[in-house]
Amino acid sequence: MGEPPVTDTNTLNKQASANAPINDTRKAELLSKQVKHIDIKSFDARPIVDAMADMSFTSRDLGRATKIYNEMLADKDCTVVLVIAGSTSAGGCMDLYAELVRNNMVDVIVATGATIVDMDFFEGLGHKHYQALEIPDDDTLRSLYIDRIYDTYIDEEQLQDCDHTINVIAESLEPKPYSSRAFIREMGKYLVEHGKKDNSLVKLAYEHDVPIFCPAFVDSSAGFGLVKHQVDAAKEGRPYMVLDAIADFRELTEIKIQAGTTGLLMIGGGVPKNFIQDTVVCAEILGHEDVEVHKYAVQITVADVRDGACSSSTLQEAASWGKVNTGIEQMVFAEAGSVMPLLASDAYHRGHWRERVKRGWAKLFA
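For clarity, every value in this text was computed on a predicted model and none was experimentally measured. (Residues numbered from 1 in each chain as written. Predicted model: local features only at pLDDT ≥ 70, side-chain atom pairs only at ≥ 80, totals over all residues. Heavy atoms only, no water.)

Trainee: Tell me about the overall build of the protein, and please be specific about residues and values.
Mentor: Counting its regular elements, the protein contains 15 helices and eleven strands. Put simply, the protein has 366 residues, and 51% of those count as buried. At a minimum sequence separation of 6, the contacts of the protein that also span at least 24 residues come to 79%. Here the protein has roughly 17000 Å² of accessible surface; of this, 51% comes from carbon and sulfur atoms. (Helix = DSSP H or I, 4+ residues; strand = E, 2+ residues; numbered from the N terminus. Buried < 20%, exposed > 50% of the residue type's maximum accessible area, 1.4 Å probe, protein only. Contact = heavy atoms within 4.5 Å. Areas by Shrake-Rupley, 256 points an atom, 1.4 Å probe, with all protein chains shown as cover.)

Written as C-alpha cells, this is what we have:
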C-alpha cells in the first residue's frame, strides 16, 4: 500500500478556519475603529505649503505641484481631470475627493474600479473602512471575513452587499452596451435614491454632471455583480447588459477634443494614468492634429522610476509620446495620503474655484 498523503499544518489550519463559524466577538474587536476621512475645509494649508515651497526635496516639489494645480483652477479655459489609482480613498481621502467635485475643482474623473466601487460606492451604501489597530495573521482575518489593505480593514460581508447592489443595478438596465461612465452614472442615480452618505464621490459626480471613467472597471467589486448578472441572464435565455471599453476611450477622447486645454491631477498611476494621457494620441489618430497636449500635469506617486512601468514613468517621459507639456508639470514622490490633504486644502482656501465655469461634461453624452 502507498503512504498516506502528507498534509502540512498550515493547510490543516486553513481548512479548519474555512469550516469554522465566524467569531463575531473577535470580528467586532478588529472592526472597532472607523477610518475618519479628512475635511480639507477644516484647516487652511496655505501657510505650510508656502513654507514648504521654500524648502528642498519633496517639500519643494509639493509646493510647486500645488502651485500648478492652482494654475489649472485659475485658467478659465482649463478642464481639470482627477486621476486616482491606489487606496487613498479607503485610507481617509474619500471626503477630500468628494469636496473637489462639490466645489467645482475637477471636471472629469478617471479612476480604478476599486476606488469607485469597493471604496466610495461601498461607503455610499452605508458601510465603513476600519483602522487595523491589530493585525493578526491573514489566515485569521480570512476566517473572520475581514479583508486587509495594508493597515485598513474592510468587512467582506459588507463588500458582498456591494457586489449584490451592482447586480441589482445591472438587472434594472436595458440590456445593451454601456461605457463605464454610463454605468457609474446609474450607480450615482442609485445612491441619490437609496444611498446613506451625502459626501459620496459617485453620488456628487452624478449630481454635478462630472463623468467618471474606470478603464478597468470589472477589476473591482463591480466585476462579481456584473458576472452574476450575465450568468443568470444567460441561464434564463434573456439578453444582458455589457460594458463597452472602446466607448470609454472614445468618450474620454471626445471630452479632450471638446475641452482643448486640460490639466491632470494624478494620484498614483497605472491604467487610469495611461488612459487619460492616451486621449491626445487618439485624438490625433481621429484626424484632430491640432489637439493640445495636456498643458498642466501633476503626479503624486511612490513608484520607482527605475522599473520601466507606467506608474513610475515621469511626466517628462510622457512628453516623448506627445501626451504632456514639459513646461508645467511636477512629479511628487510621496505617499499621496500624506500630501493630498495639504494640496487640496491650499487650493480650496485660495478659492480660484469660485470663479470657474462649471463644465458639466457628462451632458455631452445625454
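That was the structure; now back to the text.
Trainee: Give me the nonpolar core: which residues, what numbers.
Mentor: With 69 residues, the main nonpolar core has Tyr-69, Tyr-97, Ile-116, Phe-183, Met-187 and Met-340 as its most contacted residues. In this structure, Ile-116 is in contact with Ala-111, Phe-121, Ile-184, Met-187, Leu-201, Val-202, Ile-212 and Cys-214, ignoring residues within four places of it in sequence. Counting 14 residues, the second largest nonpolar core, distinct from the first, contains Val-110, Phe-213, Ala-259 and Phe-275. (Core = buried A, V, L, I, M, F, W, Y, C linked by side-chain atoms within 4.5 Å.)

Trainee: Please give an account of the packing of aromatic side chains that cites residues and values.
Mentor: For any pair of aromatic rings, the description consists of the separation of the ring centres together with the inter-plane angle of the planes. Counted under the stated rule, the structure contains four aromatic pairs. Seen in terms of ring centroids, Tyr-348 and Trp-353 are 5.3 Å apart; in terms of plane orientation they differ by 15°. Their pairing is stacked. Tyr-348 sits in the buried class, given a relative accessible area of 14%. With relative accessibility at 14%, the residue Trp-353 sits in the buried group. One cation-aromatic arrangement involves Arg-142 over Tyr-145; the distance from NZ or CZ to the ring centre is 4.9 Å. (Phe/Tyr/Trp six-rings, centres within 6.5 Å; stacked < 30°, edge-to-face > 60°. Lys NZ or Arg CZ within 6 Å of the ring centre and 35° of its normal.)

Trainee: Summarise the sheet that holds strand β3 (residues 130-131); cite the residues concerned and give the values.
Mentor: Strand order in the open sheet made by the three strands is β3-β5-β4, with antiparallel pairing throughout. Of all strands in the sheet, those with a lone pairing partner are β3 and β4 (146-149), marking the two edges. In this structure, β4 lies alongside strand β5 (residues 152-155), joined through four bridges in antiparallel fashion. Directly across from Ile-146, in β5, lies its bridge partner Asp-155. (Pairing = 2+ DSSP bridges.)

Trainee: Report on the pairing of strand β10 (residues 296-301), specifying residues and quantitative values.
Mentor: Burial runs high along β10: six of the six residues are buried. Side chains Tyr-296, Val-298 and Ile-300 project from β10 onto one buried face, and the interleaved Ala-297, Gln-299 and Thr-301 project onto a second face that is buried too. Bridging between strand β9 (residues 262-267) and β10 involves five bridges; their strand directions are parallel. Considered in β10, the bridge of Gly-263 is made with Tyr-296. One crossover worth recording links β9 to the parallel β10 by way of helix α13 (residues 270-285), and it is right-handed. With five bridges joining them, β10 and strand β11 (residues 329-333) adopt parallel strand pairing. The partner of Thr-301 across the bridge, within β11, is Phe-333. (Right-handed = clockwise from strand over helix to strand, strands pointing away.)

Trainee: I'd like a description of the environment of Leu-364, backed by residues and values.
Mentor: Along the chain, Leu-364 turns up in the segment after α15 (336-350). Residue class for Leu-364 comes out partly exposed when judged on its relative accessible area of 35%. Residues Leu-364 and Asp-209 lie 155 residues apart in sequence; the distance between their C-alpha atoms is 9.5 Å. With residues up to four places along the chain from it excluded, the contact list for Leu-364 reads Glu-254, Ile-255 and Gln-258.

Trainee: Requested: an account of α15, with residues and values cited.
Mentor: Taking 1.5 Å as the rise per residue, α15 with 15 residues should run 21 Å; its terminal C-alpha atoms sit 21 Å apart, in good agreement. Counting buried residues along α15, eleven of its 15 residues qualify, which places the element largely inside the surrounding structure. When α15 is considered as a whole, its buried residues turn out to be Ala-336, Val-339, Met-340, Pro-341, Leu-342, Leu-343, Ala-344, Ser-345, Asp-346, Ala-347 and Tyr-348. Packed against the buried residues of α15 are α3 (46-53), α4 (57-74), α5 (88-102), β9 and β10. (Expected span 1.5 Å × (residues − 1).)

Trainee: Please provide a residue-by-residue account of the environment of Lys-358, values included.
Mentor: With respect to the helices, strands and loops of the structure, Lys-358 is situated in the segment after α15. Residues Lys-358 and Val-210 lie 148 residues apart in sequence; the distance between their C-alpha atoms is 9.5 Å. Aside from chain neighbours lying at most four places away, what touches Lys-358 is Asn-104 and His-208. Polar side-chain contacts of Lys-358 include one of 2.9 Å to the side chain of His-208. (Polar contact = N/O pair within 3.5 Å; in protein donor to acceptor, adjacent residues only side chain to side chain.)

Trainee: Residues and numbers for the pattern of salt bridges, please.
Mentor: Two side chains bearing opposite charge may form a pair once their charged atoms approach each other closely. Within this structure, the stated rule accounts for 23 salt bridges. The salt bridge partner of Lys-197 is Glu-123, with a shortest N-O separation of 3.0 Å. One end of the pair, Lys-197, is in the loop between α9 (180-194) and α10 (201-207); the other, Glu-123, is in helix α6 (residues 113-124), and 74 residues separate them in sequence. Across the pair, exposure class does not vary: Lys-197 and Glu-123 are buried alike. The salt bridge partner of Glu-171 is Arg-238, with a shortest N-O separation of 3.0 Å. Here Glu-171, found in helix α8 (residues 156-172), pairs with Arg-238, found in the loop between α11 (221-236) and β8 (242-243); they are 67 residues apart in sequence, far enough to count as distant. For Arg-238, a relative accessible area of 27% corresponds to the partly exposed category. Residues joined by salt bridges that share partners form a network here, namely Arg-26, Glu-29 and Glu-134. (Salt bridge = Lys/Arg side-chain N within 4 Å of Asp/Glu carboxyl O.)

Trainee: Can you tell me about unusual backbone geometry, naming the residues and giving the values?
Mentor: Despite not being glycine, Phe-57 shows a phi value in the positive range, around 60°. Checked against the element boundaries, Phe-57 lands in helix α4. The class for Phe-57 is exposed, based on a relative accessible area of 73%. In the Ramachandran plot, Tyr-145 falls in the positive-phi region, its phi being about 60° despite a non-glycine side chain. Among the structural elements, Tyr-145 can be located in the loop between α7 (138-143) and β4.

In short, geometric facts, not functional conclusions.
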